[in-house]
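Here are the chains, one letter per residue:
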Amino acid sequence: MQVADAPPSALTRFATNPVSEEVITFPSLAPTLARIYHPIGIAHPSPIVVVHGAHHLGMDEPRLRRLARALASHGYLVLTPQVDELADYSITKNSAVVIGDAVHELARRSGAPRVGLLGLSFAGGMALIAACDPSVARPLSVVIAIGAHDDLRHVLDYYMTNRARAPDGSFFQLPAHEYGILVTAYDYTSAYFSPADVSTARAALRALLWEDLPQAHAEAAKLSPQGQARMAQLFARDTRSLMADTERGLAAVQPELDAASPHFYLSRLHVPVILLACATDNVVPPTETLWLAHDMPPGVLKDVLVTHAIGHVELDRSSVMARLRLIEWMKQMLGLRDTSSAERG
């Protein structure tokens, strides 16, 4: 109820504690911002790193903040790092490095023997990659991936075709979210535009992703006639007309896509993992969670749930049974995280 931003009530306040917030900087590839949510009155809170997905608001994204405060209000020490590449809709291995450094920072600050790690959307995949590094895995108690990707190329292909294959050979078919092709074009702009247009095209696409339509049109007007025609296809989300250039552009950066895909690291994973996905997710299709479950080494996966009770990393309307199964999944998630007792001071 707290995560879903339900109106305050005696039930939402039951067994909760006040929360204070602090913005810090920690060392990573560059000095990196993070927000820490402190549970007031808890002597030894269980620490957990919670990482935002690909969204321009980063650690300030409202759904992330609700989740972090809800966890902190129930006795968890929560750190939410600002992962600049994810906030700029860029999916690269650098994000996994920042996430790993955030784990080390929270372990140092908390003094706890184990730290949990929860990644949302593409950050879920990046969290799994981070956990494959032995130095990051050492202090981890669990990795929780919600709406995560297994193979980035699979997701980008889904944005073109509206079709994603599951490990059993069946297909998930649903029109992809309109932002998918925009993210692809923003990250691989040179596949769609001439060198002279790339910088301006990225500015227009960034404005579109930020939902600033007037600015996007203003930037698009600066493009060459050919660039304007191509941008019109992107405005219209005309994936069919863009498919040949998309396939050519992605083929040219396949090593980068592999480097940002958990699929190619999971054989090294030894930290307990639980997975959650929306059954109708058209941002990262639920087949990716099924592939993650398929690719995990024996004994690593503790639970996997594909449910109608959530949307893409947010709660959704669903049946009572679906919600009860989600609550059971959350109970297991918190149980795996609670390796050290939290005591009220």
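The coordinates are above.
First things first, this report covers the structure right here in the doc. What you see is a predicted model; the values in this text were computed from it and never measured.

Now for the sheet that holds strand β1 (residues 19-26). Hydrogen bonds between backbone groups are what pair the strands of a sheet, and the pairing can be parallel or antiparallel. If you trace the eight strands from one edge of the open sheet to the other, you get β1-β2-β4-β3-β5-β6-β9-β10, paired in mixed fashion. Both edges of this open sheet fall to β1 and β10 (301-307), since each of them pairs with a single strand only. Across this sheet, the average inter-strand angle for adjacent strands is 15°, counted without regard to direction. Here strand β3 (residues 46-51) pairs with strand β4 (residues 76-81) via four bridges, running parallel. Counted as the bridge partner of I48 is V78 from β4. In the packing of helix α1 (residues 62-72) onto the sheet, contacts are made with β1, β2 (32-39), β3, β4 and β5 (115-120), and the angle to β4 comes to roughly 160°.

Now for the packing of helix α6 (residues 152-161) against helix α11 (residues 239-252). α11 packs onto α6 with a crossing angle of 160° between their chain directions and a minimal axis gap of 9 Å. Overall, the two elements α6 and α11 adopt an arrangement that is roughly antiparallel. In this structure, α6 crosses over α11, and the sense of that crossing is left-handed. Mapping the contact onto sequence places R153, L156, D157, Y159, M160 and T161 in α6 and T239, M243, T246, E247, L250 and A251 in α11. Counted by class, the contact of α6 with α11 contains six nonpolar, three polar and three charged residues.

Okay, the packing of helix α8 (residues 195-209) against helix α10 (residues 225-235) next. The N-to-C vectors of α8 and α10 enclose an angle of 25°; their axes lie 11 Å apart at closest approach. Considering their axes alone, α8 and α10 lie roughly parallel with respect to each other. For the crossing formed where α8 meets α10, the hand is right-handed. The residues of α10 that touch α8, namely those facing D197, A201, A204, L205 and L208, are G227, M231, L234 and F235. Classifying every residue of the contact of α8 with α10 gives seven nonpolar, one polar and one charged.

Here we come to the pairing of β4. Most of β4 sits out of view: six of its six residues are buried. With burial as the criterion, each face of β4 is covered, one bearing Y76, V78 and T80 and the other bearing L77, L79 and P81. With four bridges connecting them, β2 and β4 associate as antiparallel partners. Paired with A34 across the strands is P81, a residue of β4. Crossover handedness for the path β3 to α1 to β4: right-handed.

So, on to the nonpolar core. Of all hydrophobic cores here, the largest spans 84 residues; its most connected members are F122, M231 and L269. Broken down by element, this core gets its largest block of residues, eight residues, from helix α4 (residues 122-131). Setting aside residues up to four positions removed in sequence, L269 forms contacts with L128, A131, C132, M296, P297 and V300. Counting 20 residues, the second-largest nonpolar core is a separate cluster that includes V19, Y37, L64 and L67.

When the terminal C-alpha atoms of α11 are compared, their 19 Å separation across 14 residues agrees well with the 20 Å that a helix rising 1.5 Å per residue should span. Residue D245 marks the point of greatest curvature in α11, where the axis turns by about 35°. Within α11 the residues assigned to the buried category are T239, L242, D245, T246, G249 and L250.

This part covers the packing of aromatic side chains. This structure, assessed with the given rule, holds three aromatic pairs. Between Y89 and Y179, the ring centres sit 6.1 Å apart and the planes meet at 75°, which makes this aromatic pair edge-to-face. Highlighted residues: Y89 in the loop between α2 (84-87) and α3 (94-110) and Y179 in helix α7 (residues 179-187), separated in sequence by 90 residues. Here the two residues Y89 and Y179 agree in accessibility, since each one is buried. The ring of F171 carries the charged tip of R163 above its face, separated from the ring centre by 3.6 Å.

Reading the values: rules and limits
- Residues numbered from 1 in each chain as written.
- Predicted model: local features only at pLDDT ≥ 70, side-chain atom pairs only at ≥ 80, totals over all residues.
- Heavy atoms only, no water.
- Pairing = 2+ DSSP bridges.
- Helix = DSSP H or I, 4+ residues; strand = E, 2+ residues; numbered from the N terminus.
- Axes fitted to C-alpha atoms, helices over the stretch in contact; angles between N-to-C directions.
- Contact = heavy atoms within 4.5 Å.
- Parallel < 35°, antiparallel > 145°, perpendicular 65-115°, else oblique.
- Left-handed = near helix turned anticlockwise from the far one by under 90°.
- Nonpolar A, V, L, I, M, F, W, Y, C, P; charged D, E, K, R; others polar.
- Buried < 20%, exposed > 50% of the residue type's maximum accessible area, 1.4 Å probe, protein only.
- Right-handed = clockwise from strand over helix to strand, strands pointing away.
- Core = buried A, V, L, I, M, F, W, Y, C linked by side-chain atoms within 4.5 Å.
- Expected span 1.5 Å × (residues − 1).
- Bend = angle between axes of the 7 residues up to and from the residue.
- Phe/Tyr/Trp six-rings, centres within 6.5 Å; stacked < 30°, edge-to-face > 60°.
- Lys NZ or Arg CZ within 6 Å of the ring centre and 35° of its normal.

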